[in-house]
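# Examining the three-dimensional arrangement
Each chain, written out:
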Amino acid sequence: MRLIQQNPDLSAYLAADEVIDHQHPLVRETAARLAGQATDSYTYARAAYEFVRDAIPHSADSGDPRVTWRASDVLEQRTGICHAKSHALAALLRAEDIPTALCYQRLTHDAGTGHCLHGLVAVRFRGAWHRQDPRGNKPGVDARFSLDGERLAFMADVESSEMDYPVLFDVPHPAVLRALQDAPDRPYLWEHLPDTL
C-alpha cells in the first residue's frame, strides 16, 4: 500500500498542538529519559514505541474506564485506547524531530457490533513512511517496531469489509477526536467510535 501524506509539508508532521502536545514538560521529560539511553534516532524511535506499547496499558485490556486523548494525559494517567496511545507516541517522536503521522484502519469491532476505526502511527525513516502500532500486545496480538515490513497488531481482512486507509494525517481525524473528547468513560466510547473516515 502506498501511504499518502494529507499535508504535503513534512514539517506539519513535527508540529505540536493541543493533542500532540510535545512541548508539555512531561512529554519532554519522558522523551529526554528515553533519548538518554538511545544511540541514534532509530533506537530512540524503537524505545519510544516500546515504552508506549508496553508501559501504557490499553484501557480495554486493563478494564480502565478513563478516557484520555491528549498525549501528556496519556503519559500521566498511563492509560488509553489505540488512538490515545498513538497520540502519545506521536508526541514522543516529534519531540525528538522524527516526523510522525496518524493513520487508521477500519476493523471489525471486537464488541461484535460492526466496524470501528483503529488508530496507529507512521514514522518517516530512510525517505519513506513506515506504519507502527503501539496498541499493546496481548494473546493473539504481537506488534513490533519495524522498518522492514509491517508488524502491526491487526491485518485488515477485505472480505470482512476491513481496510487500511492510506492517508497520513498530521492531526487526529476530527471524528476520532470528537468521540474521545465527548466520551464520559471508555465503555461509552467503545460504543461510539467512528466506523469510517
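In this text the structure is predicted, and so the values were computed from the model without any measurement.

What holds strands together in a sheet is hydrogen bonding between their backbones, with the strands either parallel or antiparallel. Within the open sheet, the 4 strands sit side by side as β4-β3-β2-β5. Their pairing is antiparallel. Every interior strand has two partners, whereas the edge strands, β4 (128–132) and β5 (163–164), have only one. As judged from the 5 bridges shared by strand β3 (residues 115–125) and β4, these two strands associate in the antiparallel manner. Across the sheet, residue Val 123 finds its bridge partner in β4, namely His 130.

This paragraph deals with the side chain of Arg 53. With respect to the helices and strands, the residue Arg 53 is situated in helix α2 (residues 41–55). If near-sequence neighbours (up to four positions away) are discounted, Arg 53 is found in contact with Lys 85, Pro 134, Gly 136, Asn 137, Ala 143 and Arg 144.

Our focus in this paragraph is the layout of surface pockets. As a volume, the largest pocket reaches approximately 280 Å³. Those elements giving two or more residues to the lining of the largest pocket turn out to be β2 (100–108) and β3. Counted by class, the lining of the largest pocket contains 9 nonpolar, 3 polar and 4 charged residues.

With 8 of 9 residues buried, β2 lies mostly within the body of the structure. Here β2 pairs with β3 via 9 bridges, running antiparallel. Bridging across to β3, Thr 108 finds its partner in His 115. Note that β2 and β5 share 2 bridges and pair antiparallel.

Quick look at the pattern of salt bridges now. Taken as a whole, this structure holds 11 salt bridges when the rule is applied. Taking the shortest distance from any N to any O, the salt bridge between Arg 70 and Glu 18 comes out at 3.3 Å. Placement of Arg 70 in the loop between α3 (59–62) and α4 (71–77) and of Glu 18 in the loop between β1 (4–5) and α1 (25–35) is noted, with a sequence separation of 52 residues between them. Measuring nitrogen to oxygen at the nearest pair gives 3.8 Å for the salt bridge that ties Lys 138 to Asp 61. Of the two residues, Lys 138 sits in the loop between β4 and β5 while Asp 61 sits in helix α3, which places them 77 residues apart along the sequence. For Lys 138, a relative accessible area of 34% gives the class partly exposed.

Attention now goes to α1. Every buried residue belonging to α1 is among Val 27, Thr 30, Ala 31 and Leu 34, and all of these are buried. The buried residues of α1 all sit within an arc of 100° when viewed along its axis, so they share a single face. Opposite the buried face of α1, by more than 90 degrees, sit the exposed residues Pro 25 and Glu 29. Where α1 is buried, its residues contact α2, α4 and α5 (82–95).

About the thresholds
Residues numbered from 1 in each chain as written. Predicted model: local features only at pLDDT ≥ 70, side-chain atom pairs only at ≥ 80, totals over all residues. Heavy atoms only, no water. Pairing = 2+ DSSP bridges. Helix = DSSP H or I, 4+ residues; strand = E, 2+ residues; numbered from the N terminus. Contact = heavy atoms within 4.5 Å. 1 Å grid on protein atoms, 1.4 Å probe; cavity = no way out; pocket = protein on both sides within 12 Å on 5 of 7 lines; lining within 4 Å. Points joined across faces, edges and corners; volume = space filled by probe spheres on them. Nonpolar A, V, L, I, M, F, W, Y, C, P; charged D, E, K, R; others polar. Buried < 20%, exposed > 50% of the residue type's maximum accessible area, 1.4 Å probe, protein only. Salt bridge = Lys/Arg side-chain N within 4 Å of Asp/Glu carboxyl O. Arc of directions from axis to C-beta.

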